[in-house]
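These are the residues of each chain, in order.
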Protein chains: 2
Amino acid sequence: MNEGANLVGRAVDRERLRADLERNAEFGAIKAEEGRGRTVLVGTEANRRAREYLVERMEDAGLDVRIDAVGNLAGRWTPDSPADADSRSDTVSRSDIGPAPVAAGSHLDSVPEGGIFDGPLGVYAALEAVRAMQDAGVQPARPVDVVSFTEEEGQRFASGLLGSSVAAGERTVGEALELAADDGEGGTLTLESALDAIGFRGEGRLDASQWDAWLELHVEQSERLEAAGVPVGVVTAITGITHCEAVVRGEADHAGATPMGDRTDALAAASEFVLDVERAAREVVAAESDTAVGTVGSLDVRPNATNVVPGAVELEVDVRDVDRDAMAEIVSRARRSLARLERERGVATEFARPFDLAPTPMNDRVRGAAHRAGEAAGIETLDLHSGAAHDTMHLADVTDAGLLFAPSRDGISHNPREWTDWDDCATATRVLAGALADLAGAGETPNS
Amino acid sequence: MNEGANLVGRAVDRERLRADLERNAEFGAIKAEEGRGRTVLVGTEANRRAREYLVERMEDAGLDVRIDAVGNLAGRWTPDSPADADSRSDTVSRSDIGPAPVAAGSHLDSVPEGGIFDGPLGVYAALEAVRAMQDAGVQPARPVDVVSFTEEEGQRFASGLLGSSVAAGERTVGEALELAADDGEGGTLTLESALDAIGFRGEGRLDASQWDAWLELHVEQSERLEAAGVPVGVVTAITGITHCEAVVRGEADHAGATPMGDRTDALAAASEFVLDVERAAREVVAAESDTAVGTVGSLDVRPNATNVVPGAVELEVDVRDVDRDAMAEIVSRARRSLARLERERGVATEFARPFDLAPTPMNDRVRGAAHRAGEAAGIETLDLHSGAAHDTMHLADVTDAGLLFAPSRDGISHNPREWTDWDDCATATRVLAGALADLAGAGETPNS
């Protein structure tokens, strides 16, 4: 058994963690009929304030904070040890001097009108884990990086997992900085200018391949932990995810003067597509893979006026599963739906698939550390898969990566009603802290 | 036969009319793949420029221009006559001094990405009719008002026919000025502030009940004139129109982490509603009234993000027919659709019907004047109904009102591909000018 890990878990401070999460919840806070919501999109004032608070809290804990060129934040704790002088490298990526660090974190951005735990829990739990190691007097052999990745949710510049895609070398810094988004005033802005605007475009590239291991804590976003009465999940695999873009073009025309038989209504056709995608996912669940999901999450009508027959509709589809064949079947049926609508309704259609990630198994060594940390602290853990994408998908390509879950009340997330009890936040953080200490080589004994 | 009317028709100048319409088309012009489009919403810079140009052209023709408190524009031509001194009233509404005027016009606003004829043709044709009377040396007994009503299309402040509702006394000036719209920057603005911003909030109220008769020329927006090869339509009745607002509330949740069986997807439910409305209209057309139409023209999803199961959808429905029972049947079936979706999908729904106008027959005396003007000029006319709403619906409640149509190529409108040949514009304007001269008492002879 790892004694250091156990000491660390006990040193996790529920109130200190809660205070950070409650403070972070104020940035981009929205009025919600029920629960607590926030909208924190990359490059906004809310995002600037959330980042500045994190930097302040990392510096309070004595971490050496670096901002890379795409706005990824990393705060390094280098424990006092014989290797101390060497391991204080002066760029984030130069961890080749001294032992390779272990890292943990998540993201601070949110979906529009999202919840207060999705992302921030993982960032502040990682910081709390470091503080717990410090308080427990544990001196692991490896440095520990506390990380917040830029735009995990993919709301402005990319389809998701932006910062981690750069850290994993799947996208270059240059490609990322050129990504453009609506500026909300009829123009566009790039990630580069958005980060400049909030003072968070740094230098260099956070290089995840330099880490010895990575571990993320996140809210589960489904009901399995709650149903099982288990406080911490250890993820076995993350589902694959693909995003498709569909366009349906009809004929914009006067809603009063155009007889029903003379119309090519893009919205009526698009409505059939929405229902076809839903039906495809349901049938794949019933026949092939019960973890498959398919969603039309966004739909935009043009010109979107009451008295105009809709002329064009743009839709975005999200398809996921741990089974790649099941994903392919849903996508294939979405394409066939558009072909049918061209034949039966005379619309023109377009289809693209700009984002596609295969299912990702989690690393056995990291999962083992998590299970051991749970056992040492007397906390039950449950193996389960992740239906949501996480930055950990990218990191698993370049380092040993793991993912922990805390329970989500009623499985709700991406919604102000998203909730994880403060006790559950602290319990999951204890497992995270113990596993991190273990992976970082804290208090190893020959007979552990 | 009315000799004056015939002289006037021949004096209509096709190129002068075209020049005005082409100049007006520049205000709010948009790039279009095909055709010529414009977006002219009330209170925008494009709307200001279109209004200023009209005022300039009315003043060039010697009209006395008044702006009322809701931005309705009226330019009065008072022919030289024994009654001249008396009939030059100093407010638009004080037409009780001298003979009551006749009036003609339409509107300058457009739907988003609309065409260049819908509205402006009727305004500039009315101005051209006055210029033709002047050029022909015709001195009718009654003054003639050339009118442009505020926000016929109902894109910002009301559901449609805003300015004419005030002119007909169906809505007070105060009620109209308080109407609020999105300002495009997250706030709201009122009609009052929007008109102030462009310098077109005048005084008093244009009072349509003071007119002896009203006649509007508009593009047909369907294909009946084109199919019949007839250049001018004389409208028998305008269909009733009702607007319904529906809200469908489900549960916003993570698109990856929420199993298909655990969802309450507001967009999937709303898609069924769109198709139910379409089906209801088609079946009413087949069984009861072939002129009925039902359209879901606008649909807004919240939060409208690819990776979030839609939590709420707002829809707007447009239902029209000359048969009030047929309209009621479509609305009833839309309500039943929502009730079914509550039962079958667990969504919550809301339904409102903020706008409802009964079918409106056109006045026989005005229709007669139009037919006589066509006969006198050797121009064939066709009786037909209007499937679109027009300001004339309101005016028919307070004066003798008529509506003329010019052909729409392929029936297309509310679209940059909307087109009426310049020859057809001029031909319809000749009938308008002749009918107006007739109604205004030009060149009447005892044996006409």
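Use the structure listed above.
Think of each chain on its own: its residues are numbered from 1, step by step along the sequence as written. Chains and ligands are labelled by the order in which they are written, letters from A for the one and numbers from 1 for the other. Owing to the predicted nature of the model, reporting of local features is limited to residues with pLDDT of at least 70; listing and counting of side-chain atom pairs is limited to 80 or more, with chain, interface and lining totals taken over all residues. Note: side-chain values were computed over all heavy atoms of the structure, leaving out hydrogens and water.

**Considerations on the environment of Leu-162 of chain B**
Residue and element names in this part refer to chain B.
And step 1. Strands here are runs of E lasting at least two residues and helices are runs of H or I lasting at least four, both read from the DSSP assignment and numbered beginning at the N terminus. With respect to the helices and strands, the residue Leu-162 is situated in helix 6 (residues 162-167).
And step 2. A C-alpha to C-alpha distance of 7.6 Å links Leu-162 and Ala-176, two positions 14 residues apart in sequence.
And step 3. Note on definitions: a residue-residue contact is assigned when non-hydrogen atoms from the two residues lie within 4.5 Å. Excluding residues within four positions of it along the chain, Leu-162 makes contact with Thr-150, Glu-151, Phe-157, Arg-171, Ala-176, Leu-179 and Leu-191.

**Considering the relation of the copies chain B and chain A**
And step 1. Only residues with pLDDT of at least 70 in both copies count here: their C-alpha atoms drive the least-squares fit that superposes the copies. Mapping chain B onto chain A leaves a residual RMSD of 0.1 Å; the transformation is a rotation of 180° accompanied by 0.1 Å of translation along its axis. When the rotation and shift are considered jointly, the pair of chain copies conforms to a two-fold rotation axis. Considering only C-alpha atoms, the residue of chain B closest to the rotation axis is Ser-271 of chain B, which sits at 2.3 Å.
And step 2. Both copies present the same face, since 100% of the interface residues in chain B are matched by interface residues at the equivalent positions in chain A.

**So, a negative patch on the surface**
And step 1. Like-charged residues within 9 Å of one another, or nonpolar side chains (Val, Leu, Ile, Met, Phe, Trp, Tyr) within 5 Å, are grouped into patches, provided each residue has over 30% relative accessible area and no salt bridge. Note on areas: Shrake-Rupley, 1.4 Å probe, and residue coverage restricted to the protein chains presented here. Here, a salt bridge means any side-chain nitrogen of Lys or Arg that lies within 4 Å of a carboxyl oxygen of Asp or Glu. Charged residues are defined here as Lys and Arg on the positive side and Asp and Glu on the negative side; His and the ends of the chain fall outside this count. Here the site of a charge means atom NZ of a Lys, CZ of an Arg, CG of an Asp or CD of a Glu. Judged by side-chain charge, Glu-245, Asp-300 and Glu-314 of chain A together with Glu-245, Asp-300 and Glu-314 of chain B come together as a negatively charged surface patch.
And step 2. Tracing the backbone through its elements, the reader meets Asp-300 of chain A in strand 13 (residues 293-302).

**Considering the packing of aromatic side chains**
All names here are of chain A.
And step 1. For this analysis, a ring pair means two rings from Phe, Tyr or Trp (six-membered ring only for Trp) whose centres lie within 6.5 Å, classed as stacked if their planes differ by under 30 degrees, edge-to-face if by over 60, and tilted for the remaining angles. Evaluated as defined, the whole model comprises 16 aromatic pairs over all chains.
And step 2. Ring plane angle 85° and centroid distance 5.6 Å describe the contact between Trp-419 and Trp-422, whose orientation is recorded as edge-to-face. This pair shows no difference in class: Trp-419 is buried, exactly as Trp-422 is.
And step 3. By the ring-pair criterion, three or more aromatic residues cluster together here, those being Phe-27, Tyr-53 and Tyr-124.
And step 4. Each ring is checked for a lysine NZ or an arginine CZ that lies within 6 Å of its centre and within 35 degrees of its normal; such an atom marks a charge sitting over the ring. Its end group placed over the ring of Tyr-53, Arg-23 keeps NZ or CZ at 5.7 Å from the ring centre. Burial status follows relative accessibility: with a 1.4 Å probe on protein chains alone, a residue under 20% of its type maximum counts as buried, one over 50% as exposed, and anything between as partly exposed.

**Quick word on helix 14 (residues 422-439) of chain A**
Residue and element names in this part refer to chain A.
And step 1. Spanning 18 residues, helix 14 covers 25 Å between terminal C-alpha atoms, matching the ideal 26 Å at 1.5 Å per step.
And step 2. With 16 of 18 residues buried, helix 14 is to be regarded as a mostly interior element.
And step 3. Taken from the residues just after helix 14, Gly-441 is the one with a positive phi, measuring 80°. In this scheme, a helix's expected span is set at 1.5 Å multiplied by one less than its residue total.

**What to know about the pairing of strand 13 of chain A**
Residues and elements named next belong to chain A.
And step 1. Of all ten residues in strand 13, eight are buried; the element is thus mostly enclosed.
And step 2. Looking at chain direction, strand 13 and strand 15 (residues 312-321) are connected through nine bridges and run antiparallel. Bridging from a neighbouring strand, Val-293 pairs with Arg-320 of strand 15. We treat two strands as partners when DSSP finds at least two bridges between them.

**A word on the sheet that holds strand 11 (residues 240-249) of chain B**
Residue and element names in this part refer to chain B.
And step 1. The strand order 13-15-11-16 describes an open sheet built from four strands, whose pairing is antiparallel. Strands with a single pairing partner mark the edges of an open sheet, and in this sheet they are strand 13 (293-302) and strand 16 (348-357). When the angles between neighbouring strand axes are averaged without regard to direction, this sheet yields 15°.
And step 2. Two elements, strand 11 and strand 16, share eight bridges in a ladder whose sense is antiparallel. Opposite Ile-241, over in strand 16, you have Leu-357 as the bridge partner.
And step 3. Strands in contact with helix 10 (residues 266-287) are strand 11, strand 13 and strand 15 (312-321); relative to strand 13, the strand with the most contacts, it is inclined by about 170°. Interaxial angle, 0 to 180 degrees, is taken between N-to-C directions of lines fitted to C-alpha atoms, where a helix line uses only the stretch in contact.

**Some thoughts on the interface of chain B and chain A**
And step 1. The interface is formed by 64 residues belonging to chain B together with 64 residues belonging to chain A.
And step 2. By buried area we mean the combined loss of accessible area, with a 1.4 Å probe, across both parts when two parts are placed together. Looking at the side of chain B facing chain A, the largest losses of area belong to His-254, Met-260 and Thr-306 of chain B, adding up to 13% of the total buried there.
And step 3. Taken together, chain B and chain A are joined by six salt bridges.
And step 4. Here Glu-251 of chain B and Arg-417 of chain A are joined by a salt bridge, their closest N and O atoms 2.6 Å apart.

**Topic: the sheet that holds strand 16 (residues 348-357) of chain A**
All names here are of chain A.
And step 1. The strand order across the open sheet built from four strands is 13-15-11-16, with neighbouring strands paired in antiparallel fashion. Taken across any chain shown, the strands that pair with only one partner, and hence form the sheet edges, are strand 13 and strand 16. On average, adjacent strands in this sheet sit at an angle of 15° to one another, irrespective of strand direction.
And step 2. Strands in contact with helix 10 (residues 266-287) are strand 11 (240-249), strand 13 and strand 15; relative to strand 13, the strand with the most contacts, it is inclined by about 170°.
And step 3. With respect to the sheet, helix 11 (residues 324-345) is in contact with strand 11, strand 13, strand 15 and strand 16, its orientation differing from that of strand 16 by roughly 165°.

**Observations regarding helix 10 of chain B**
Residue and element names in this part refer to chain B.
And step 1. Taking 1.5 Å as the rise per residue, helix 10 with 22 residues should run 32 Å; its terminal C-alpha atoms sit 31 Å apart, in good agreement.
And step 2. Helix 10 sits mainly inside the fold: 16 of its 22 residues count as buried.
And step 3. Side-chain atoms alone can form a polar contact between residues adjacent in sequence; in general such a contact is a pair of N or O atoms within 3.5 Å, and within protein one must be able to donate a hydrogen while the other accepts it. Between a side-chain oxygen at the N-terminus of helix 10 and the backbone nitrogen of Leu-267 the separation is 2.9 Å; the capping residue is Asp-265.

**Quick word on the packing of helix 2 (residues 14-25) of chain B against helix 14 (residues 422-439) of chain B**
Residues and elements named next belong to chain B.
And step 1. The N-to-C vectors of helix 2 and helix 14 enclose an angle of 115°; their axes lie 10 Å apart at closest approach. Considered as vectors, helix 2 and helix 14 are oriented roughly perpendicular to each other. The handedness of the crossing between helix 2 and helix 14 comes out as right-handed. Touching Arg-14, Leu-17, Arg-18, Leu-21 and Glu-22 of helix 2 are Trp-422, Asp-423, Cys-425, Ala-426 and Thr-429, all from helix 14.
And step 2. When residue character is reported, Ala, Val, Leu, Ile, Met, Phe, Trp, Tyr, Cys and Pro are called nonpolar, Asp, Glu, Lys and Arg charged, and the others, Gly included, polar. Tallied by class, residues from the contact of helix 2 with helix 14 come to five nonpolar, one polar and four charged. An angle counts as roughly parallel when it lies under 35 degrees, as roughly antiparallel when it exceeds 145, as roughly perpendicular when it falls between 65 and 115, and as oblique in every other case. Note on convention: near helix rotated counterclockwise from far helix by under a right angle means a left-handed crossing. Clockwise means right-handed.

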